Amino acid sequence: MAWGLPSTASLVCVCQKLNRVKTLEEPTKETLLQRRLTTLDLILLGVGGMVGLGLYMLMGTVAKGMAGPAVVVSLGVAAIASLLVALCYTELGVHVPRRGSAYLFTYVSMGELWAFLVGWNVLLRCLITGAAVARAWSSYLDSIFSHRIRSFTEAHVGIWQVPFLSQYPDFLAAVIPLLASTFIFCGARVSSWLTRTFSVITMVVILFIIILGFVLAHPHNWSTEEGGFAPFGFSGIMAGAATCFYAFMGFHVVANYSEEARNPKRAVPMAITISLGLAAGAYILVSTVLTLMVPWHSLDPDWALADAFHQRGYSWAGFIVAAGAICGKGPIWARYIFFLPRMVSAIAADGLFFQGFARVHPRTQVPVVSLLVFGVLMAFLALLLDLQALVQFHSIGALLDYTFLPTSIIILRFRKSPPSTSQHPGSPVGTEQDSAPEPRQLRAALRPYLHFLGGCRPGAAVAWALGVLVASAITLDCVLVFGDSALHLPPWGYTLLLLLSSATFLLSLLVLGAHQQQRRQDTFSPAQHLSPQVPMVPLTPALSILLNTFLMLHLSYVIWLVFSIWLLIGLTVYFGYGIWHSKENQRERPGLTVPRGSLEETVPALHPPSRASAQKPSHTEQPTSL
């Protein structure tokens, strides 16, 4: 063998390291939470987690720069994509007995490398969200003082004309993350009653905007004289939908509380669907009145809602909207700033990031290094970047992360279940489990027609079909998005590629559907008979992969370039450090222990609390997973 070429055994070893999954123990009865949440409770949690995140930051950005009045269509498409992802998120939350994030779910199902990439993107999303909210918060606060801060900065610093950078450095937006990091370092928490109060204020302000906005509506603003309903065409609508995906990121709150629902199999999917519908309805109504009140091209993206009322001469209404924006974004931003250092510390506790980030303060239980480094980085982003750029950076990371989730659902459904050591009350012992067909086997009714697949190694046909499904989905989306424009394909070539990729996608979907899946009770959850399930697997996850990829391809190439650089930095960190210091790697080398003081033993957001602690009334707002 030539010098420098790796052997086959070493390549196999590296592949095994990349795809090793996180080991989780089955939860005991002592770790279960009380099932006390009704469907209405879950709906309120979902609406509170979604409404407000995109209301004050997305409407003007998408309406002015991407879709025009057709932002209402973009919001509808984004809501459908979010619903498909939310159903997958819910089932993964039941499979994995932890209150985790997309990082944890991917680590358990797909493997270490993919989990690190998802976790790396979650860090980017938290940074971008914190910076974007601080930027929008600063704009609305400045509007209350007649933009005196902005005018002073522009007069003394000047105006920048650089793509993706703000027109001026927003020092107020940079100060906000630094102050919040200081309060968190001192052990501060956001009380639950304050969060509920701000949520109520947000709902009242939304109703105020909708009612007064329809009174001031002018249908002429949708006419062709003002550019028409969809001035940027279909591509603009889809680019707006990719950005509007950011507005529905609160659906994970419902999934994270599934273990506390009285009837999760019915309540969780219903609560997610209804809360997404209510949030989409609120967003669509607000965007409708926004683009009917004033021409879409006259909006100021940084404070569009308040600006619309100011343009119509209702300054007092703009003041109310600005105050509501400050209140509405507070709890959401607090959740992200609480979660970010804990997420960094959790990845470090798994050994995939530098161990210094896993250390927590002994008194406040705050990851000090994570808070300091990423708090400063968040302030830097808020100081320099434009709000539209921040939102698009978040959207591409979220869409990529939530493309892994439906893929994880397919993997888990076709994974062979470990032997069950216990059964829930009322289930027959052994008989049903022994007689049921194994996952990854051809369905008995289809064996005479697909006998050529029966000779494959168990699971090989499913693995190949899944790989072909993802590849054909990406190819099909690329043909749809770039076939006529960037690729300049002739009509016959465009049609041929479209038919081939569509046929390949459908055939791989049929091959997956022809194989046996796990039984509905095959899950880590002790309440197996109550577990919510994704309907029509593998069709629903496949549609989610297809739609998410389609939306990602409509984002700017500059966004893709910067995002690729971020991924390359992450891969450098993983292959230079994480793959060798992973805790799963240490399990293969006995005698190594987890560093003391790591977040693994202290953070309740990624590990379930005990029953005793669950029964105590909560007076603080715990950081939720993203």
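Residues numbered from 1 in each chain as written. Predicted model: local features only at pLDDT ≥ 70, side-chain atom pairs only at ≥ 80, totals over all residues. Heavy atoms only, no water.

## Here we look at the overall build of the protein chain
Within the protein chain, the regular secondary structure consists of 23 helices and zero strands. Counting every position in the protein chain, which comprises 626 residues, the buried fraction comes to 55%. Taking as baseline every contact in the protein chain between residues at least 6 positions apart, the subset at least 24 positions apart corresponds to 84%. Carbon and sulfur atoms make up 69% of the accessible area of the protein chain, which totals about 26,600 Å². (Helix = DSSP H or I, 4+ residues; strand = E, 2+ residues; numbered from the N terminus. Buried < 20%, exposed > 50% of the residue type's maximum accessible area, 1.4 Å probe, protein only. Contact = heavy atoms within 4.5 Å. Areas by Shrake-Rupley, 256 points an atom, 1.4 Å probe, with all protein chains shown as cover.)

## Here we look at the nonpolar core
Counting 155 residues, the largest nonpolar core has Leu-42, Tyr-140, Phe-248, Leu-305, Trp-333 and Tyr-402 as the members making the most contacts within it. Considering each element in turn, this core owes the most residues, 19 residues, to helix α6 (residues 112-144). (Core = buried A, V, L, I, M, F, W, Y, C linked by side-chain atoms within 4.5 Å.)

## What about the confidence of the model for the protein chain?
Chain-level pLDDT for the protein chain is 79 on average; 80% of the residues reach the 70-or-more range. Ranking the elements of the protein chain by mean pLDDT puts helix α23 (residues 611-615) last with 37 and helix α20 (residues 539-552) first with 94. Predicted confidence is poor over residues 27-33, with pLDDT under 50, and the contacts of this stretch with residues over four places away or in other chains come to 15 contacts. (pLDDT = per-residue confidence, 0-100.)

## A word on the environment of Trp-464
Tracing the chain through its elements places Trp-464 in helix α18 (residues 460-482). In sequence terms Trp-464 and Ser-508 are 44 residues apart; their C-alpha atoms lie 8.5 Å from each other.

## Side note on the pattern of salt bridges
A full pass over the atoms with the stated rule returns six salt bridges. With its nearest N and O atoms 3.7 Å apart, the salt bridge here joins Arg-135 to Asp-170. Taken as a pair, Arg-135 in helix α6 and Asp-170 in the loop between α7 (148-157) and α8 (171-185) lie far apart in primary sequence, 35 residues in all. Residue class for Arg-135 comes out buried when judged on its relative accessible area of 2%. For Asp-170, a relative accessible area of 2% corresponds to the buried category. As a salt-bridge pair, Glu-154 and Arg-150 come within 3.2 Å of each other at their nearest N and O atoms. Taken as a pair, Glu-154 and Arg-150 lie in helix α7 at a separation of four residues, close to a single helical turn. Owing to a relative accessible area of 23%, Glu-154 belongs among the partly exposed residues under this scheme. (Salt bridge = Lys/Arg side-chain N within 4 Å of Asp/Glu carboxyl O.)

## Some points on the packing of helix α3 (residues 59-67) against helix α10 (residues 233-244)
To describe two helices that pack against each other, one gives the angle between their axes and the distance between the axes. Between α3 and α10, the least distance of the axes is 9 Å, while the angle of their chain directions is 155 degrees. The angle between α3 and α10 places the two elements in the roughly antiparallel class. Both α3 and α10 take part in a crossing whose hand is right-handed. Here α3 contributes Val-62, Met-66 and Ala-67 to the contact with α10, which in turn contributes Gly-236, Ile-237, Ala-239, Gly-240, Thr-243 and Cys-244. (Axes fitted to C-alpha atoms, helices over the stretch in contact; angles between N-to-C directions. Parallel < 35°, antiparallel > 145°, perpendicular 65-115°, else oblique. Left-handed = near helix turned anticlockwise from the far one by under 90°.)

## So, the environment of Gly-65
Note that Gly-65 resides in helix α3. With a relative accessible area of 37%, Gly-65 lands in the partly exposed category. Residues Gly-65 and Leu-299, spaced 234 residues apart in sequence, show a C-alpha to C-alpha distance of 9.8 Å. Beyond its immediate sequence surroundings of up to four residues, Gly-65 is in contact with Gly-60 and Phe-232.

## As for the packing of helix α16 (residues 387-413) against helix α21 (residues 557-581)
Direction vectors running N to C along α16 and α21 enclose 60 degrees, while the axes themselves pass 10 Å from each other. In terms of axis orientation, α16 runs oblique to α21. Our pair here, α16 against α21, has a crossing hand that is right-handed. Within the contact between the two elements, α16 uses Ala-389, Gln-392, Phe-393, Ile-396, Gly-397 and Leu-400 and α21 uses Ile-559, Trp-560, Val-562, Phe-563 and Leu-567. Looking at the contact of α16 with α21, its residues break down into nine nonpolar, two polar and no charged. (Nonpolar A, V, L, I, M, F, W, Y, C, P; charged D, E, K, R; others polar.)

## Observations regarding α8
With 15 residues, α8 ought to run about 21 Å at 1.5 Å a step, and its terminal C-alpha atoms sit 21 Å apart, in line with that. For α8, the full list of buried residues reads Ala-173, Ala-174, Ile-176, Pro-177, Ala-180, Ser-181 and Ile-184. Down the axis of α8, the sector holding all buried residues measures 150 degrees, keeping them to one side. Of the residues that open α8, the one with a side-chain oxygen 3.4 Å from the backbone nitrogen of Leu-172 is Asp-170. (Expected span 1.5 Å × (residues − 1). Arc of directions from axis to C-beta. Polar contact = N/O pair within 3.5 Å; in protein donor to acceptor, adjacent residues only side chain to side chain.)

## Remarks on the side chain of Ser-370
On the secondary structure map, Ser-370 appears in helix α15 (residues 368-384). Given a relative accessible area of 1%, Ser-370 falls into the buried group. Here Phe-357 takes part through its backbone oxygen, which lies 2.9 Å from a polar atom of the side chain of Ser-370. Sequence-distant contacts of Ser-370, defined by excluding residues within four places in its chain, comprise Pro-341, Val-344, Ser-345, Phe-357 and Gly-375.

## Quick word on the packing of aromatic side chains
The final tally for this structure, using the stated rule, is 19 aromatic pairs. A ring pair is formed by Phe-248 and Tyr-283, whose centres lie 5.5 Å apart and whose planes are at 90 degrees; its orientation type is edge-to-face. Of this pair, Phe-248 sits in the loop between α10 and α11 (252-256) while Tyr-283 sits in helix α12 (residues 264-293), and the two are 35 residues apart along the sequence. The pair formed by Phe-248 and Tyr-283 is uniform in burial state, with each residue classed as buried. Between Tyr-574 and Phe-575, the aromatic rings sit 5.2 Å apart at their centres with planes inclined by 80 degrees, giving edge-to-face as the arrangement. Residue classification places Tyr-574 among the buried residues on the basis of a relative accessible area of 0%. Counting every residue linked through ring pairs, the aromatic cluster contains Phe-116, Trp-120, Phe-353, Phe-354, Phe-357, Phe-374, Trp-566, Tyr-574, Phe-575 and Tyr-577. (Phe/Tyr/Trp six-rings, centres within 6.5 Å; stacked < 30°, edge-to-face > 60°.)

## Quick look at unusual backbone geometry
Following Val-537, the chain continues into Pro-538 via a peptide bond in cis, with omega recorded as 15 degrees. For Pro-538, the position within the fold is in the loop between α19 (491-513) and α20. You will see that Ser-146, though not glycine, has its phi angle at about 60 degrees, which is positive. As for its position among the elements, Ser-146 is in the loop between α6 and α7. In this model, Met-536 sits at a positive phi of 55 degrees, which is unusual for a non-glycine residue. Mapped onto the secondary structure, Met-536 falls in the loop between α19 and α20.

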